[in-house]
Amino acid sequence: MPTRQLTLPITGMTCANCAATIERNLKKLPGTQNVNVNLASERATLEYDPATLALPEVIARIEKAGYGVAVGEAILPIRRLSDDNDAQRLERALAKLEGVQSASVSYATEKAVVRYIPTLVSQADLRRAIHAAGFEAVTVEGDAEDAERLAREKEIAHQRHLLIVGLLLTAPLFALSMARDFGLLPAFLLDVGHAGHAGAVKAVWWFDWLLFALATPVQFYVGRQYYVGAYKALRNGAANMDVLIALGSSAAYFYSLPALFGWVSGHVYFETAAVIITLIVLGKFLEARAKGQTSEAIKKLMGLRPKTARVRRDGLEADVPVDEVRVGDLVSVRPGERVPVDGVVVEGKSTVDESMLTGEPMPVEKRPGLPVIGGTINKQGAFTFEATKVGKDTALAQIIRLVEEAQGSKAPIQKLADRVSAIFVPIVIAIAAITALVWYLLSSDFTTALMHAIAVLVIACPCALGLATPTAIMVGAGRGAESGLLFKSAEALQRAGAVNVIVLDKTGTITKGRPTVTDIEIGDWRLRAESPTSNLQSRLLQLAASAEKHSEHPLGEAIVAAATERGLTLEPVAGFTVLAGKGLSAQVNGHAVLVGNARLMEEQGLALNGLSDAVGRLQAEAKTPVLVAVDGEVAGVIAVADSLKDGSAEAVAELRALGLRVIMLTGDNRATAEAIARAAGIDEVIAEVLPGDKARVVKELQQSAVGNRQSAIAMVGDGINDAPALAQADVGIAIGTGTDVAMAAAPVMLMSGDLRGVPRAIRLSRRVMRTIKQNLFWAFFYNVLLIPAAALGFLQPVLAAAAMAFSSIFVVTNSLRLHRARLDFSRS
C-alpha cells in the first residue's frame with residue numbers, strides 16, 4: 001500500500017526527551033512508520049498510510065503531547081472578486097489544500113488571509129490555487145520559505161522578552177541578597193534594634209517581602225514555560241529538562257515561603273530560584289540563536305532563487321513571478337542575473353557561474369543546446385533558454401529538499417545518546433533525592449541538604465546529549481551542499497567516513513565517457529617539407545573532420561568536435577561513402593580523402609608512410625588509431641580515446657593519501673583498462689566485468705572484509721548504469737551533473753562530474769564524525785563529572801545553573817566550526 005511522507009515544523013521542544021515524547025506519541029497513530037523527530041532542526045518526519053490517517057490527526061496528537069506546529073501566515077491581495085460568493089468560493093478552494101490551517105477571504109478588502117504549514121504548502125501553491133479558481137493574487141508579503149523562519153523568530157523574540165524581564169528583576173534581587181549576606185546593606189534597610197548572639201544586625205522585616213516581590217514574577221511569569229513543559233511531559237509519562245528546572249527553582253522558592261511568613265526561622269532563597277530561571281532562559285536564548293546558524297546553508301540555497309523571470313510570450317517580454325514560469329516558456333537572462341529555472345539554451349552565448357551548486361569555481365560556457373540550472377549566475381553575454389523544469393522540479397529545489405531530509409534524519413551514532421536521554425532525568429531526580437537524604441543525615445541541616453539537591457537538579461543537562469549529533473549533522477550536510485556534495489541521510493554522512501575501499505567505475509567516472517582526439521601524428525606526407533608540423537596537423541584534422549561531418553560513428557563525431565574546438569572551418573563534401581567496418585571515403589574540396597583503419601589502407605594498397613610504430617604505440621596506450629589518406633597517400637594518424645577527466649589522477653592520489661584502497665571496475669578489455677589505470681595512478685584493476693556482475697564484485701569485496709567491523713566499501717559510478725553496484729555497496733556515490741542529481745540511485749551524490757568530490761565527501765564525513773564524538777564526549781563528561789560534584793557539595797545552585805545554561809551552547813558552537821571546515825586536500 002503506498003505511503004506518504006510528512007514533515008512538520010515543531011515548536012516547544014527543549015531537550016532530547018521532548019523529541020522522544022513526540023516520536024512515541026506519533027508511533028501510536030495507526031498507519032505510521034519511520035517516525036523521526038529531530039531536536040536540532042525542530043522537525044518531525046513520518047511516513048503514513050493516507051487511507052488510515054489524516055493530517056489533522058497527526059497535528060492533534062502533537063498538540064495533545066504538549067507541543068505545537070509552526071504556522072505561517074500569508075496576506076494575499078486578490079483581483080477579480082465580483083461579490084461575496086466569489087470570496088466564499090475562493091475560501092473553499094484554498095481550504096482544500098493540504099497544509100492550509102485556515103483561509104479567510106474578504107470581498108470588502110479584496111484580501112485572502114491564509115494560515116498554513118510551510119513544510120507542506122508554499123505561497124506559490126496558494127497563488128496557483130487562486131489562479132485555478134479564476135482569480136489573481138497580486139503581491140506576496142515575504143516568501144513561502146520565510147514562514148517557518150518567521151515562526152521561529154517569533155519564539156526567539158518571546159524568549160528575548162522573558163530574558164529582559166528576568167534580568168531587570170533578578171539583577172537587583174541578586175544584588176540585594178548578596179549585600180545582605182556580606183553585611184553591605186545601607187542603614188535604612190537594617191533593623192538596628194535587633195542583635196543576634198554574635199551582635200549581627202538583621203534586615204528590616206519588609207526586606208524579605210521585597211525579595212519576594214522581585215522573585216515571584218520571575219518564578220511564575222518568566223518561568224511559567226518550564227512549569228507548563230514539566231506538566232505536559234509528566235502527563236505523557238516522560239520527564240524532560242523542564243521537570244528538572246521546575247523542581248530545582250520551585251524547591252528554593254517554596255522553601256523560602258515559611259520563613260517569609262514567620263512560620264519558621266531561617267534564611268530565604270528567593271534569589272537562588274530567580275537566578276536559576278534567568279540563567280536558564282539566557283542559555284536557551286543563546287542556544288536558539290546559535291541553532292539558527294546550523295541551517296545557514298539551507299538559507300543560502302533558498303536565497304539563490306530569483307523572485308522574478310523575464311519571460312517571452314506572444315512576442316513580448318515581461319517580468320513575472322518565478323513561480324508563474326511554465327515548462328516551455330522562453331526566458332531571457334541578462335549579464336549579472338541569476339538563471340530563474342532549469343532549461344536549455346536556444347539563443348545566445350555566455351558563461352555561467354555554477355559554483356554555488358557544483359562547488360566548481362570556473363564559469364561554464366553556455367551555448368545553444370546546453371543546459372542551465374536555476375539559481376546560477378550569468379557572467380557574460382545574454383541568452384534565451386527554454387524552461388524544462390520549474391517549481392519543485394528544478395535541481396535547486398530538489399537539492400534543498402535532499403539537504404533538509406538529510407539534516408532531519410538520525411545517524412546511527414545518535415542511538416546511544418537517545419537511550420541515555422530516555423532514562424537521564426529520572427536518574428538525576430533519584431540522585432538529587434539521595435543527595436538530600438545523605439546530606440541531611442550527615443549534617444542534620446535541611447537547608448544544606450536542599451541546596452545540594454537543587455544543585456544536582458539544575459546542573460544536569462540532557463540538552464547537550466540531544467544536540468550533540470543533530471547539530472553536527474545539520475551543519476555538515478549544509479557544508480557539503482555548499483561544496484556540491486549531497487548526502488541523502490545522516491546515516492550516509494556517517495558511513496562515508498568509515499570507507500576504506502573505493503571502487504571506481506571507469507567510463508564517465510574516471511574518464512570523460514566520450515571519445516576525444518588525443519594525438520595527431522604526421523607521416524612522410526609530401527607536404528611535410530612545405531609547411532610546419534602544427535599546420536599539417538590542423539590541415540589533416542580539417543580534411544578528416546570535413547569527411548566525417550555526415551558520419552554518425554562516435555569516432556567521427558570526436559574528430560568533428562576536435563576540429564570545431566580548434567575553430568577549423570569544415571569544407572564542402574561530395575561523394576560521401578561509408579565502408580562498413582573499415583571507414584569512409586569522400587571528396588573534400590577536390591581532394592580524395594580516406595578515413596579509416598589499417599585494413600582499409602591495406603585494401604587500397606596504401607603504405608603507412610612511417611606510421612607503423614606510431615599506430616602500435618597508440619594501440620598500446622589504449623587509443624584507437626584512425627588513419628587518414630589524402631589523394632592516394634597516407635598522410636597521418638589521428639588517435640581517439642576516452643581520456644581521463646581533469647582531476648581524476650589528483651583524486652586518486654588524494655584517496656590513497658587518505659589511506660584508502662582504490663580499485664577500478666570496468667567492462668572494458670584488460671589492456672585498455674590497465675592503460676587508463678596507469679594514467680590515473682590506480683594499481684588494482686578488475687576488468688571485463690558485465691554491468692550486471694558489478695554488484696557481485698562489490699559483494700565479494702564486502703565478504704572478503706567480513707570480520708573487520710570498521711570496513712566499508714564505497715562504489716563510485718554514474719548512478720544509472722551502475723545502480724545495482726551502488727545499491728550493494730556500503731556507500732554508493734553517484735557522480736554526475738546538477739540536472740541529473742535527483743535521479744541518482746545512491747545515498748551520496750556529487751553535483752559536478754569532478755572525481756575530486758569523492759575525497760572531499762570522505763573528508764567531510766570524517767570531520768563531522770570527529771565533531772560528533774567531541775560533542776558526545778563533552779555531554780557525557782560534563783554530566784558524569786559535574787553531577788557528582790554538585791552532589792558532594794562543590795557547586796552552589798547558582799553556579800550549577802550557569803554551567804547548565806552554557807553546556808548545550810558549547811555543543812552547538814563546536815558544531816558550527818564545521819562551517820569553516822576545509823575539504824580540499826591541499827588545505828587540510
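This text follows the structure it describes.
What you see is a predicted model; the values in this text were computed from it and never measured.

Calculation rules
Residues numbered from 1 in each chain as written. Predicted model: local features only at pLDDT ≥ 70, side-chain atom pairs only at ≥ 80, totals over all residues. Heavy atoms only, no water. Helix = DSSP H or I, 4+ residues; strand = E, 2+ residues; numbered from the N terminus. Rg over C-alpha atoms; globule rule 2.2 N^0.38 Å. Buried < 20%, exposed > 50% of the residue type's maximum accessible area, 1.4 Å probe, protein only. Contact = heavy atoms within 4.5 Å. Lys, Arg positive; Asp, Glu negative; His and termini not counted. Charge placed at Lys NZ, Arg CZ, Asp CG, Glu CD. Pairing = 2+ DSSP bridges. Axes fitted to C-alpha atoms, helices over the stretch in contact; angles between N-to-C directions. Parallel < 35°, antiparallel > 145°, perpendicular 65-115°, else oblique. Nonpolar A, V, L, I, M, F, W, Y, C, P; charged D, E, K, R; others polar. Phe/Tyr/Trp six-rings, centres within 6.5 Å; stacked < 30°, edge-to-face > 60°. Salt bridge = Lys/Arg side-chain N within 4 Å of Asp/Glu carboxyl O. Patch = residues over 30% accessible without salt bridge, like charges linked within 9 Å, V, L, I, M, F, W, Y side chains within 5 Å. Areas by Shrake-Rupley, 256 points an atom, 1.4 Å probe, with all protein chains shown as cover. Core = buried A, V, L, I, M, F, W, Y, C linked by side-chain atoms within 4.5 Å.

Things to note about the overall build of the protein chain
Each helix and strand in the protein chain was counted, giving 27 helices and 32 strands. The C-alpha atoms of the protein chain give 35 Å as radius of gyration, which overshoots the globular expectation for 828 residues (28 Å, by more than 25%). The buried share among the 828 residues of the protein chain stands at 51%. For the protein chain, contacts bridging at least 24 residues in sequence account for 69% of all contacts bridging at least 6. Each charge sign in the protein chain was given a centre, from 83 positive and 83 negative side chains, and these centres are 5 Å apart.

Quick word on the pairing of strand β21 (residues 501-505)
Most of β21 sits out of view: 5 of its 5 residues are buried. Side-chain alternation along β21 places Val501, Val503 and Asp505 on one buried face and Ile502 and Leu504 on a second face that is also buried. Note: β21 against strand β28 (residues 661-665), 5 bridges, orientation parallel. Opposite Leu504, over in β28, you have Met664 as the bridge partner. Pairing between β21 and strand β30 (residues 713-717): 4 bridges, direction parallel. From the neighbouring strand, Val501 faces β30, where its bridge partner is Ile713.

A short note on the packing of helix α6 (residues 207-222) against helix α7 (residues 224-235)
It is the contact of α6 with α7, at a shortest axis distance of 4 Å, that shows an interaxial angle of 40°. It follows that α6 is oblique to α7 by the angle criterion. Of the residues in α7, those in contact with Gln219, Phe220, Tyr221 and Val222 of α6 are Arg224, Gln225 and Tyr227. Tallied by class, residues from the contact of α6 with α7 come to 4 nonpolar, 2 polar and 1 charged.

Examining the packing of aromatic side chains
What the rule picks out here adds up to 17 aromatic pairs. Look at Trp209 and Phe261: their rings are 5.9 Å apart centre to centre, the planes differ by 45°, and that puts the pair in the tilted class. A residue pair is termed long-range when its members are at least 10 positions apart, and Trp209 in helix α6 and Phe261 in the loop between α8 (241-260) and α9 (270-293) qualify at 52 residues. Trp209 gets classed as partly exposed once you look at its relative accessible area, which sits at 35%. Relative accessible area serves as the criterion here: at 37%, Phe261 is assigned to the partly exposed category. The interplanar angle of 90° and the centroid separation of 5.2 Å between the aromatic rings of Phe220 and Tyr253 together place this pair among those described as edge-to-face. Remark: Tyr253 occurs in helix α8 and Phe220 occurs in helix α6; sequence separation between them is 33 residues. The partly exposed category is assigned to Phe220, whose relative accessible area is 36%.

Some thoughts on the pattern of salt bridges
The final tally for this structure, using the stated rule, is 29 salt bridges. Between Asp319 and Arg310 there is a salt bridge, with its nearest N and O atoms 3.5 Å apart. Of the residues examined, Arg310 reaches a relative accessible area of 12% and is grouped as buried. Here the salt bridges share partners, and the residues they tie into one network are Asp519, Glu521, Arg617, Glu621 and Lys623.

Some points on a positive patch on the surface
On the surface, a cluster of positive charge is contributed by Arg24, Lys28, Lys64 and Arg235. Of note, Lys64 is situated in helix α2 (residues 55-64). A relative accessible area of 57% places Lys64 in the exposed class.

Structural notes on the sheet that holds strand β22 (residues 516-522)
Taken in spatial order, the 6 strands line up as β22-β27-β26-β25-β24-β23 in an open sheet, and their pairing is antiparallel. At either end of the open sheet lies a strand with only one pairing partner, and these are β22 and β23 (573-579). In this sheet, adjacent strand axes meet at a mean angle of 20° when their direction is disregarded. Inspection of the sheet shows strand β24 (residues 583-588) paired to strand β25 (residues 591-596) by 6 bridges, in the antiparallel sense. Residue pairing across strands places Gly583 opposite Gly596, the latter belonging to β25.

Digging into helix α23 (residues 670-680)
Of all the positions in α23, only Thr672, Ala673, Ala675, Ile676, Ala677 and Ala680 are classed as buried. Looking at the buried positions of α23, the neighbouring elements they touch are α17 (506-510), α21 (612-620), α22 (648-657), β28 and β29 (684-686). One or two residues past the end of α23 sits Gly681, with phi positive at roughly 85°.

A short note on the nonpolar core
If you look at the biggest cluster of nonpolar residues, it comprises 151 residues, and the most contacted ones within it are Leu8 and Ile502. Ranked by residue count, the leading element in this core is helix α26 (residues 757-791), at 14 residues. Counting residues in hydrophobic clusters, the runner-up holds 31 residues, among them Ile400, Ala725, Leu726 and Ala729.

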